[in-house]
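# Breakdown of the fold
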Amino acid sequence: MTKILYEATATATGGRDGRARTSDGSFEVKLATPRELGGNGDGNNPEQLFASGYSACFLGAMRLVSTRDGLSKVPADASVTATVGIGPREHEGFGLRVKLAISLPGIGKDAAEALVAAADKVCPYSHATRGNIEVAIEVA
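Residues numbered from 1 in each chain as written. Predicted model: local features only at pLDDT ≥ 70, side-chain atom pairs only at ≥ 80, totals over all residues. Heavy atoms only, no water.

## Some details on the packing of aromatic side chains
The line we're drawing: Only rings of Phe, Tyr and Trp enter the pairing, Trp through its six-membered ring, and a pair is recorded when the two centres are within 6.5 Å. The plane angle decides the type: under 30 degrees is stacked, over 60 is edge-to-face, the rest tilted. Here a helix means four or more residues in a row that DSSP labels H or I, a strand means two or more in a row labelled E, and each is numbered from the N terminus. For the exposure calls, accessible area comes from a 1.4 Å probe over protein chains only, and a residue counts as buried if that area is under 20% of its type's maximum, exposed if over 50%, partly exposed in between.
Counting across every chain of the model gives three aromatic pairs. For the pair F50 and Y54, a centre-to-centre distance of 5.9 Å together with 65° between the ring planes defines the contact as edge-to-face. Note that F50 and Y54 are positioned in helix α1 (residues 46-68) at a spacing of four residues, about one turn of the helix. Looking at F50, the relative accessible area reads 23%, which means it is partly exposed. Taken together, a centroid distance of 5.4 Å and an interplanar angle of 25° make the contact between Y54 and Y125 stacked. One end of the pair, Y54, is in helix α1; the other, Y125, is in helix α3 (residues 124-129), and 71 residues separate them in sequence. In this structure Y54 comes out as buried when scored by relative accessible area, which is 1%. An aromatic cluster of three or more residues is present, and its members are F50, Y54 and Y125.

Next up, the structure:
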């Protein structure tokens, strides 16, 4: 990458049971370990934040390639639902798995799959995860 167009900075304190805040103060969140991982679940967790970011970014990538490449227009009621799972790795530590469920009402299956494939090539979250974690994409 040669030219940075935007940078976001956030600071977390207290780990999974702390807080995270962006440097500009526009976003602040209370963090809590999910009940499934032994916490009280009284807050958000990194997996929820990752799912929110990936789904929003992927929808934005679909809108970009739709316009740029002359593909089917992304309908206003389109949605991307990201499910992020966390669990122990075979050897050490923890790993993530992502499922993207994409809804493009009014767009035929072939056109929707072409749009999703093009978006997957430009989405920075897709670039970051490719070859690193399992990502399954499902077009409804």
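## What about the domain arrangement of the protein?
Note on interface size: it is often stated as the accessible area lost on association of the parts. The condition that has to hold: As used throughout, domain bounds are those supplied by an automatic or database domain assignment. Pairs of residues are marked as contacts when any of their non-hydrogen atoms sit within 4.5 Å. The term buried area means the drop in 1.4 Å probe accessible area that two parts suffer when joined, counted for both and summed. For this document, the term salt bridge refers to a Lys or Arg side-chain nitrogen within 4 Å of an Asp or Glu carboxyl oxygen. Pairs of N or O atoms are called polar contacts if they sit within 3.5 Å, as long as, within protein, a hydrogen donor faces a hydrogen acceptor (for residues adjacent in sequence, only side-chain-to-side-chain pairs).
Here the protein is partitioned into domain 1 (6-44) and domain 2 (46-139). Each of domain 1 and domain 2 has a C-alpha centre, and these two points are 23 Å apart. Counting from both sides, the interface comprises seven residues of domain 1 and, opposite them, five residues of domain 2. Taken together, both faces of the contact between domain 1 and domain 2 bury some 510 Å²; the carbon and sulfur share is 64%. Contact with domain 2 buries area across many residues of domain 1, yet R16, L37 and N44 alone supply 70% of it, more than any other trio. Residue E47 pairs with R16 through a salt bridge whose shortest N-O separation is 2.5 Å. On inspection of domain 1 and its partner domain 2, the count reaches two residue pairs in polar contact (both at pLDDT 80 or more).

## Structural notes on the sheet that holds strand β2 (residues 19-22)
Note the cut-off: Criterion used throughout: strands pair if DSSP finds at least two bridges between them. Angles here are taken between N-to-C directions and fall from 0 to 180 degrees, while the axes themselves are lines fitted to C-alpha atoms, restricted in helices to the stretch in contact.
Pairing within the open sheet is antiparallel, and its three strands lie in the order β1-β2-β3. The open sheet has two free edges, formed respectively by β1 (10-13) and β3 (28-30), since each of these has just one partner strand. In this sheet, neighbouring strand axes are inclined to one another by 10° on average, regardless of whether the strands run parallel or antiparallel. Strand direction decides the pairing type here: β1 and β2, joined by four bridges, are antiparallel. The residue bridging A10 from the neighbouring strand is T22, located in β2.

## Regarding helix α2 (residues 109-122)
Stated formally: By definition here, a helix of n residues has an expected span of 1.5 Å times n minus one.
Between the first and last C-alpha of α2 there are 20 Å, a value that for 14 residues agrees with the 20 Å anticipated at 1.5 Å per step. Buried residues belonging to α2 abut α1, β5 (94-103), α3 and β6 (134-139).

## Some words on the pattern of salt bridges
As enumerated under the stated definition, the model contains eight salt bridges in all. Residue R19 pairs with E28 through a salt bridge whose shortest N-O separation is 3.1 Å. One salt bridge connects E28 with R21, and the closest N-O pair in it is separated by 3.6 Å. With a relative accessible area of 41%, R21 lands in the partly exposed category. Through salt bridges with shared partners, a single ionic network connects R19, R21 and E28.

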